[in-house]
Amino acid sequence: MAKINRIKAVLAEQEKTSKWLAAQVGKSTCTVSKWCSNTVQPDLNTLNAISVALDVSIKDLLVDNKE
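All residue numbers here refer to positions counted from 1 along the written sequence of the relevant chain. With pLDDT at 70 or above as the cut-off, local features in this predicted model cover only qualifying residues; side-chain atom pairs require 80 or more to be listed or tallied, and sums for whole chains, interfaces and linings still use all residues. The side-chain values count all of the structure's non-hydrogen atoms but skip hydrogen atoms and water molecules.

### Quick look at the overall build of the protein chain
Each helix is a run of DSSP H or I of at least 4 residues and each strand a run of E of at least 2, with the numbering of both proceeding from the N terminus. Scanning the protein chain for helices and strands turns up 4 helices and 0 strands. Based on C-alpha atoms, the radius of gyration is set beside the globule rule, defined as 2.2 Å times the residue count to the power 0.38. For 67 residues, the compact-globule estimate of 2.2 N^0.38 gives 11 Å, and the C-alpha radius of gyration of the protein chain, at 11 Å, lies within 12% of that figure. Dimensions along the principal axes, computed over C-alpha positions, put the protein chain at roughly 35 × 25 × 25 Å. Looking at the protein chain as a whole, 28% of its 67 residues are labelled buried. Long-range contacts, defined as pairs at least 24 residues apart, comprise 60% of the intrachain contacts of the protein chain with a sequence gap of at least 6. Roughly 4600 Å² of accessible area belongs to the protein chain as shown, and the carbon and sulfur atoms make up 52% of that amount. Positive and negative side-chain charges in the protein chain, numbering 9 and 7 respectively, have mean positions lying 7 Å apart. Each residue's exposure class comes from its accessible area (1.4 Å probe, protein chains only) as a fraction of the maximum for that residue type: buried when under 20%, exposed when over 50%, partly exposed otherwise. Residues are treated as being in contact if the distance between any of their heavy atoms lies within 4.5 Å. Each accessible area is a Shrake-Rupley estimate made with a 1.4 Å probe; only the visible protein chains count as cover when residues are assessed. When charges are counted, Lys and Arg are positive and Asp and Glu negative, with His and the chain ends excluded. Each charge is placed at NZ for Lys, CZ for Arg, CG for Asp and CD for Glu.

### Observations regarding the pattern of salt bridges
Pairs can form between side chains of opposite charge whenever their charged atoms are close. For this document, the term salt bridge refers to a Lys or Arg side-chain nitrogen within 4 Å of an Asp or Glu carboxyl oxygen. The tally for this structure, following the rule as stated, stands at 1 salt bridge. Across the pair Arg6 and Glu13 runs a salt bridge whose closest N-O atoms are separated by 2.8 Å. Residue Glu13 is classed as exposed on the basis of its relative accessible area, which comes to 56%.

### Here we look at the nonpolar core
In plain words, nonpolar cores are sets of buried Ala, Val, Leu, Ile, Met, Phe, Trp, Tyr and Cys residues tied together by side-chain atoms within 4.5 Å. Formed by 14 residues in total, the largest nonpolar core has its most connected members in Ile7, Leu21, Ile50, Leu54 and Leu61. Within the residue set of this core, elements represented by two or more residues are helix H1 (7–13), helix H2 (18–25), helix H3 (29–36) and helix H4 (44–54). Setting aside residues up to four positions removed in sequence, Ile7 forms contacts with Leu21, Trp35, Cys36, Pro42, Ile50 and Leu61.

### Looking at a nonpolar patch on the surface
A surface patch of nonpolar side chains, about 220 Å² in accessible area, is lined by Ile4, Ile58 and Leu62. By the secondary structure assignment, Ile4 is in the segment before H1. For Ile4, a relative accessible area of 43% translates into the label partly exposed. Patch membership requires more than 30% relative accessible area and the absence of a salt bridge. Residues of like charge join within 9 Å; the nonpolar side chains Val, Leu, Ile, Met, Phe, Trp and Tyr join within 5 Å.

Here you go:
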């Protein structure tokens, strides 16, 4: 599966847990785990809520596919 988001990496950089993120965005820890493993992707509204919770740009949460 292609890596589309960097949620797991940003959580690690900020020393925050997926459980913390789940509480911040009102989702289950199971859902956040799926985002972190790139099994499922958050919708745009949720991605915005994640960026606000982590105080990062939405761009920082996505993998740049142009190199």
